[in-house]
Amino acid sequence: MSNDIARVTPLAPPARGRAATHIRAPSTRSPTLSRVLSRDVILKLECLQPSGSFKLRGVSYAMARAISRDGVTSFVSSSGGNAGLACAYAAEALGVSAEVFVPLTTPERTREMLRAFGASVVATGEKWIDAHEKATERCAEASDGEKRALIHPFEGEDLWLGHSTMIDELAEDFAKDNVGEPAAIVLSVGGGGLLAGVLLGVERAGWMKTRVVAVETIGAACLYESVRARTVVTLKEITSVAKSLGASSPSRVVFDKVMALGDARVASRVCEDADAVRACVRFADDHRLLVEPACGAALAACYFPELRLLEGLEGDGPIVVIVCGGAVVDRKSLDELERRALA
Ligand SMILES: *Cc1c(COP(=O)(O)O)cnc(C)c1O
């Protein structure tokens, strides 16, 4: 994982597309969370990205690079979640096509969203791995004049560079407001792509004292289990309701980076599903925004100090929460999750 910003070549404007892929998400102070933690808590509102999550940053950047570098004309995704939605949205913006292979368990609502973004949806197999195999085969098929590429949900330098721009924006905002470096940046971890991007951005900003707090839910904690075992482990099953954190192993590059930096710079932590869900509900009421339990894991670290996920921070800088978002949630499903969490 290099930190060579010189390699980030500016993107050519989309040839046939509709211009902007992602937005410069606002960073805004949370009055409620600042009260809970007795210091400034800044929300980076990636939930406002048009595809519903931060994934759009890295996915659209990786796609734009593949178009300009390799002449790719069609993208294939195997994600029935936010990576697939980002791929579909970015394809439309960049003027290329997208096919999203999803497992049969993918809710109709998500399939509708994918189609609304202009992607073709192929539902196949019971599990993600079945859809992933089909997607991989599709990329390898003898071409019909199309040049296809697979978009990975959490691996790849271009993906991470795209994600890292959220920290560039934060550093700009902090400099403008004359705020020093944050004491902590809190985020959630699935396979570790978001974490990789944030670490790149933190290095680039020169924030040497900032601690990145990487939160997973128990039942989807592949990074936490790997750090404990000091080797990359594969979870046998994902039992957490935070489906967007459901990678069975973390990215090896990210794991190595976390081990090299150590707990003071990157703290791997876990919370219960019920905490993540309760945090989503509180967040919805406080900020009038809906996010997935995957995002609730990071919010829980701030809403519930008794979990002690933010203990031992140095300095009195603000705490930043990456509100990574997630489109696979609505009022009904959050209500249902809350009922089950409280049961
Ligand atoms: C993908 C995703 C994550 C986890 O990101 P990784 O890059 O896999 O670690 C967290 N929250 C949401 C909403 C996501 O879509």
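Residues numbered from 1 in each chain as written. Predicted model: local features only at pLDDT ≥ 70, side-chain atom pairs only at ≥ 80, totals over all residues. Heavy atoms only, no water.

Trainee: An account of the packing of helix 3 (residues 82-94) against helix 4 (residues 108-116) is needed here, citing residue identities and associated values.
Mentor: Taken N-terminus to C-terminus, the directions of helix 3 and helix 4 make an angle of 20 degrees; their axes are 8 Å apart at the nearest point. By the angle class used here, helix 3 and helix 4 are roughly parallel. The segment helix 3 lies against helix 4, with Gly84, Leu85 and Ala88 engaging Thr110, Met113 and Leu114. Looking at the contact of helix 3 with helix 4 residue by residue, the classes come out as four nonpolar, two polar and no charged. (Axes fitted to C-alpha atoms, helices over the stretch in contact; angles between N-to-C directions. Helix = DSSP H or I, 4+ residues; strand = E, 2+ residues; numbered from the N terminus. Parallel < 35°, antiparallel > 145°, perpendicular 65-115°, else oblique. Contact = heavy atoms within 4.5 Å. Nonpolar A, V, L, I, M, F, W, Y, C, P; charged D, E, K, R; others polar.)

Trainee: Can you break down the site of the ligand residue by residue, with the values?
Mentor: With respect to spatial proximity, 17 residues lie near the ligand, and among them Lys55, Asn82, Gly190, Gly192 and Leu194 are the closest. One of the side-chain N or O atoms of Asn82 is found 2.8 Å from an oxygen atom in the ligand. Within the backbone of Gly192, a nitrogen or oxygen atom sits 2.8 Å from an oxygen atom of the ligand. For the shell around the ligand, a count of residues per class yields seven nonpolar, nine polar and one charged. (Near = heavy atom within 4 Å. Polar contact = N/O pair within 3.5 Å; in protein donor to acceptor, adjacent residues only side chain to side chain.)

Trainee: I'd like to hear about the pattern of salt bridges, residue by residue, with values.
Mentor: According to the stated counting rule, one finds 24 salt bridges in the structure shown. A salt bridge links Lys257 to Glu203; its shortest N-O distance comes to 2.8 Å. On the criterion of sequence distance, the pair formed by Lys257 in helix 9 (residues 252-261) and Glu203 in helix 7 (residues 193-205) is long-range, its members being 54 residues apart. Overall, the relative accessible area of 34% leaves Glu203 in the partly exposed class. Note that Arg211 and Asp263 form a salt bridge whose closest N and O atoms lie 3.0 Å from each other. In this pair, Arg211 sits in strand 8 (residues 211-217) while Asp263 sits in the loop between helix 9 and strand 9 (266-271), placing the two residues 52 residues apart along the sequence. (Salt bridge = Lys/Arg side-chain N within 4 Å of Asp/Glu carboxyl O. Buried < 20%, exposed > 50% of the residue type's maximum accessible area, 1.4 Å probe, protein only.)

Trainee: Provide a residue-level description of the packing of aromatic side chains, including the pertinent values.
Mentor: Enumeration according to the criterion identifies three aromatic pairs in this entry. Pairing Tyr89 with Phe117 gives two aromatic rings, centres 5.3 Å apart and planes at 85 degrees, and the pair type is edge-to-face. Highlighted residues: Tyr89 in helix 3 and Phe117 in the loop between helix 4 and strand 5 (120-123), separated in sequence by 28 residues. Accessibility classification places Tyr89 together with Phe117 in one group, the buried group. Arranged with centres 5.7 Å apart and planes meeting at 45 degrees, the rings of Phe174 and Trp207 form a pair that is tilted. Placement of Phe174 in helix 6 (residues 157-176) and of Trp207 in the loop between helix 7 and strand 8 is noted, with a sequence separation of 33 residues between them. Exposure remark for Phe174: the relative accessible area of 5% places this residue in the buried category. The cationic tip of Arg278 hangs over the ring face of Phe304; the distance from NZ or CZ to the ring centre is 4.1 Å. (Phe/Tyr/Trp six-rings, centres within 6.5 Å; stacked < 30°, edge-to-face > 60°. Lys NZ or Arg CZ within 6 Å of the ring centre and 35° of its normal.)

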